[in-house]
Amino acid sequence: MTTTDTMPKAKSRLWTPENKPVVIASGCIVVILAIGTAYTLATQGTATLLSPGYMLQQLQVGSFLGIVAAGMMLVILLGHIDLSVPWTVAASAMMATAFGGAAALPVGLSVGLAVGLVNGLGVAYLRIPSMIFTLGVNAVMRGLMVAYTGGFAPQTAATPLMQYLAVGKILGIPVALFVWAAVSVLVVFILRKTPVGRYIFAIGNRESAAYLAGAPTRWVIVFAFGLCGMMAGLSGTLLAGYSTKAYQGMGDAYLLPAIAAVVIGGTHILGGRGRYLGTLVGVILIVLLNSVLSIMQMPEAGRQVIYGSVIILMLLFYDRGRQERQ
Amino acid sequence: MSHTRKSDLSIILRQSAPLITVIAIFLLFYIFYNSNHPRGFSTAVYIQNANEVFALVMVAMAQTVPVLMGGLDLSVGAVMTLVNTLASHLLNGSPLEIVFGFIVCLLTGALCGFVNGCVVVYGRIQPIIATLATGAIFMGLALFLRPTPGGDVDGDLAWVMTNDLYEIAATYGFFDNGEAAWFQPVAWLPVPALLLVVVALFVWMPFSRSVTGRTVYAIGSGESAAYMSGLPIDRAKIAAFTLGGFFAGVGGIYLTLQTSSGNADIPQAGAYTLNSIAAVVIGGTSLLGGVGTAIGSIFGALVLRTISFNFRIFDIDPLLQPLFEGVVLLGAVSIGALSVLRIKNTLELFR
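Cut-offs and rules
- Residues numbered from 1 in each chain as written.
- Chains lettered and ligands numbered in written order.
- Predicted model: local features only at pLDDT ≥ 70, side-chain atom pairs only at ≥ 80, totals over all residues.
- Heavy atoms only, no water.
- Helix = DSSP H or I, 4+ residues; strand = E, 2+ residues; numbered from the N terminus.
- Rg over C-alpha atoms; globule rule 2.2 N^0.38 Å.
- Buried < 20%, exposed > 50% of the residue type's maximum accessible area, 1.4 Å probe, protein only.
- Contact = heavy atoms within 4.5 Å.
- Areas by Shrake-Rupley, 256 points an atom, 1.4 Å probe, with all protein chains shown as cover.
- Axes fitted to C-alpha atoms, helices over the stretch in contact; angles between N-to-C directions.
- Parallel < 35°, antiparallel > 145°, perpendicular 65-115°, else oblique.
- Left-handed = near helix turned anticlockwise from the far one by under 90°.
- Nonpolar A, V, L, I, M, F, W, Y, C, P; charged D, E, K, R; others polar.
- Buried area = accessible area lost by both parts, 1.4 Å probe.
- Salt bridge = Lys/Arg side-chain N within 4 Å of Asp/Glu carboxyl O.
- Polar contact = N/O pair within 3.5 Å; in protein donor to acceptor, adjacent residues only side chain to side chain.
- Core = buried A, V, L, I, M, F, W, Y, C linked by side-chain atoms within 4.5 Å.
- Patch = residues over 30% accessible without salt bridge, like charges linked within 9 Å, V, L, I, M, F, W, Y side chains within 5 Å.
- Phe/Tyr/Trp six-rings, centres within 6.5 Å; stacked < 30°, edge-to-face > 60°.

Caption draft 1: Quick look at the overall build of chain B. For chain B, the count of helices and strands is 17 helices and 0 strands. For chain B, whose C-alpha radius of gyration is 21 Å, the value lies close to the compact-globule estimate of 20 Å for 351 residues. If you line up chain B on its principal axes, its C-alpha atoms span 65 × 50 × 50 Å. Within chain B, the proportion of its 351 residues that are buried is 51%. Considering only contacts within chain B whose residues lie at least 6 apart along the sequence, 74% involve residues at least 24 apart. Surface summary for chain B: the accessible area is close to 15,600 Å², and the carbon and sulfur share equals 67%.

Written as structure tokens, this is what we have:
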């Protein structure tokens, strides 16, 4: 903190290394909005992007990604990663619609939690690198679901509650946004106010030190993975409500954007550093980027190139990681 | 003297235990497959299998190099796909044009890897996230080249490259159209299997023995130690990614010859990337870096594919295949990890 004292006061509050990614990402959002609005003004003569209705609709779609990213952030802060998200999302959605009725939501969440706990146990107790273990769990979940559904989209439909949570509105604001907000509050609370949150950062910085300091490292890892799985399950259940049914590959579009959102938000991919506000801004950035590209009717090829370039360019501007060799 | 030699041998054996294990597993599965195949141990089966494994083997080798460094390359599938779509435009016309096409395709693969390396070294972005982003860019370029699947590949070339040596001679009229007596003992060898040996012997082996190659291992074992020893860290990192891109490019070219088309298929690229990681792990390379070889990854990829071959033979419900493959993958990595349960000092768990 002593270094920032010499800078002008207003600037020092904004330009701490911790804030930098959030500020840059927010600036990027403004640029994306400006480009998109300029485009719609030129072609349609309206500022579609800036209308509250359109914004809320985009955020509603983005809330599914936001919930996945919230869970992913916990795991990335540990220095691990969860690659089982795609089929955790799909399996939760399929099981939730299959059970239906009042059990749908609890079943969806439990499936996610169960997958997350398996991930956590494998990583914490067998010490298998999370990258490969969650990959294997993803393959097993895919296998289970293909065997269960016969390779087709299941015929069962989402329950009214699931549909309400995904597409319903309270006072004109989508319910999904409230769910996302609740998840966000929960994650911020865990990270800031509970010992588990401090342990997560400690493990991400140096696991052996956290262990020697008496942190129950294995238990914390299982907890974080369990929560990450449960959030993927929640997202899958909502997604099934949004599209009224579950289908194969419904979670495929959530893995890489979730990781990208977390990293764009300034969380270090090797763990130990990051804040939730950044992840929130990262999700909004990715959602808006996607929606501007669809408005411009950008072909898939251009989308991929822009998507990749934005991630690289933003990371180049960040505090580019302390040199690992010291 | 004899005592020293004996201990040398035991060290070599201990160091190559994972490699020997994976080769043994492969031979077990493959012999089992052939003895249950109606036309087992025949050239036709070898050719078919060699064609099915080649692209994955190349991508697995491509993945090995960054993993040895303690990194990960999530763009190998995308590089393979990009070169696949490029080759589907270039591999036709006069022999000179085809040779030119081959060179351009190989250079493109290496260039993609070089870009990855530069982003990692000079951009100081973690390999996993850097290659995630560049992978998206390569995939976008592949989609520009082939918005829809298709392509125009020289028919003779595609035929001979995916067959045995006899067909090369017969098609281009060498060695009395392949009937020469001295040629018969080797005529049955599948071309892709030979290509694989050539790549392993003349690209991987020299690299792994060079200073740059040893530096890649040293970086994976301990980057600060490698830096303190004055090893060329930046050069080795860029070289590792470039070599990975080259291998992925070879896989992409082969996929083009095998399918006679280019296809910018995003799920397929993702599947290749994920299978490449699995093959590397099964092949005995540590994801933490510093330990393993690309040769192990070759057999890791072969094991993965041979398991699927066996499913075909035993007529297992296709719907159960993904489940079996997942369980095998998960089981393989878990068995390797069981040794941690015997560790007495918990601190040894944290590297």
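Anyway, onward from the coordinates.
Caption draft 2: The packing of helix 11 (residues 191–209) of chain B against helix 16 (residues 294–313) of chain B, seen in detail. All names here are of chain B. Across the interface, helix 11 lies against helix 16 with an axial gap of 11 Å and an inter-helix angle of 160°. Compared by their axis directions, helix 11 and helix 16 come out roughly antiparallel. Judged by the twist between their axes, the crossing of helix 11 over helix 16 is right-handed. For the pair helix 11 and helix 16, the contacting residues are Leu 196, Ala 200 and Trp 204 in the first and Ala 294, Ile 295 and Ile 298 in the second. Among the residues forming the contact of helix 11 with helix 16, the class breakdown is 6 nonpolar, no polar and no charged.

Caption draft 3: Main features of the interface of chain B and chain A. Every contact between the two is made by 50 residues of chain B and, on the other side, 50 residues of chain A. Summed over both sides, the interface of chain B with chain A buries roughly 4,200 Å², with 80% coming from carbon and sulfur. Counting across the chain B and chain A interface gives 0 salt bridges. Our enumeration of links across chain B and chain A arrives at 0 residue pairs in polar contact (both at pLDDT 80 or more). Of all the secondary-structure elements, those providing two or more residues to the side of chain B that touches chain A are helix 5 (95–122), helix 6 (127–145), helix 13 (223–228), helix 14 (233–259), helix 15 (266–282) and helix 17 (321–337) of chain B. The leading source of residues in the side of chain B that touches chain A is helix 6 of chain B, at 13 residues. Here the residues of the side of chain B that touches chain A sort into 39 nonpolar, 8 polar and 3 charged.

Caption draft 4: Just the packing of helix 14 (residues 300–317) of chain A against helix 6 of chain B, in detail. Contact geometry of helix 14 of chain A with helix 6 of chain B gives a least axis separation of 7 Å together with a crossing angle of 155°. For the element pair helix 14 of chain A / helix 6 of chain B, the angle class is roughly antiparallel. Relative to helix 6 of chain B, helix 14 of chain A is oriented so that their crossing is left-handed. Facing helix 14 of chain A, whose interface residues are Glu300(A), Ala301(A), Gly302(A), Gln304(A), Val305(A), Gly308(A), Ser309(A), Ile311(A), Ile312(A) and Leu315(A), helix 6 of chain B presents Ile129(B), Ala130(B), Ala133(B), Thr134(B), Ala136(B), Ile137(B), Met139(B), Gly140(B), Leu141(B), Leu143(B) and Phe144(B).

Caption draft 5: Quick look at the nonpolar core. With 210 residues, the main nonpolar core has Ile200(A), Ile259(A), Met61(B), Trp204(B) and Phe247(B) as its most contacted residues. Among the elements that make up this core, the one with the highest residue count is helix 3 (residues 43–68) of chain B (14 residues). With residues up to four places along the chain from it excluded, the contact list for Phe247(B) reads Met58(B), Met61(B), Ala62(B), Val65(B), Val199(B), Val203(B) and Trp204(B).

Caption draft 6: Inspection of the pattern of salt bridges at higher detail. All names here are of chain B. Tallying each qualifying case throughout the model produces 3 salt bridges over all chains. With its nearest N and O atoms 3.1 Å apart, the salt bridge here joins Arg 312 to Glu 52. Here the residue Arg 312 occupies a position in helix 16, and Glu 52 occupies one in helix 3, the gap between them amounting to 260 residues. Here Lys 237 makes a salt bridge to Glu 223, at a shortest N to O gap of 3.2 Å. Of this pair, Lys 237 sits in helix 14 while Glu 223 sits in helix 13, placing them 14 residues apart in sequence. The buried category is assigned to Lys 237, whose relative accessible area is 15%.

Caption draft 7: Focus on a nonpolar patch on the surface. Taken together, Leu161(A), Tyr164(A), Ile170(A), Leu171(A), Ile173(A) and Phe178(A) make up a surface patch of nonpolar side chains, about 590 Å² in accessible area. Relative to the assigned elements, Leu161(A) resides in helix 7 (residues 160–167).

Caption draft 8: Representation of unusual backbone geometry. Phi at Thr244(A) takes a positive value of approximately 60°, unusual for a residue other than glycine. Counting through the fold element by element, Thr244(A) comes out in the loop between helix 11 (217–242) and helix 12 (255–264). Phi angles above zero are rare outside glycine, and Arg124(B) is one such case at about 55°. Inspection of the secondary structure puts Arg124(B) in the loop between helix 5 and helix 6.

Caption draft 9: Quick peek at the environment of Thr43(A). Residue and element names in this part refer to chain A. Residue position: Thr 43 is located in helix 2 (residues 20–43). Overall, Thr 43 belongs to the partly exposed group, its relative accessible area being 47%. Between the C-alpha atoms of Thr 43 and Met 296, which are 253 residues apart in sequence, the distance is 9.6 Å. Engagement of the side chain of Thr 43 in a polar contact is seen with the backbone oxygen of Tyr 39, the distance being 2.9 Å.

Caption draft 10: Structural view of the packing of aromatic side chains. All names here are of chain B. Applying the stated criterion across every chain yields a total of 11 aromatic pairs over all chains. Aromatic pair Tyr 33 and Phe 309: ring centres 5.4 Å apart, planes at 35°, arrangement tilted. Here Tyr 33, found in helix 2 (residues 17–36), pairs with Phe 309, found in helix 16; they are 276 residues apart in sequence, far enough to count as distant. Given a relative accessible area of 3%, Phe 309 falls into the buried group. Within the aromatic cluster, the residues linked to one another by ring pairs are Phe 26, Tyr 30, Tyr 33, Phe 299 and Phe 309.

Caption draft 11: Region of interest: the side chain of Thr159(A). Mapped onto the elements, Thr159(A) comes out in the loop between helix 6 (130–149) and helix 7. With sequence-adjacent residues up to four places away left out, Thr159(A) is seen in contact with Gly100(A), Gly101(A) and Ala104(A).

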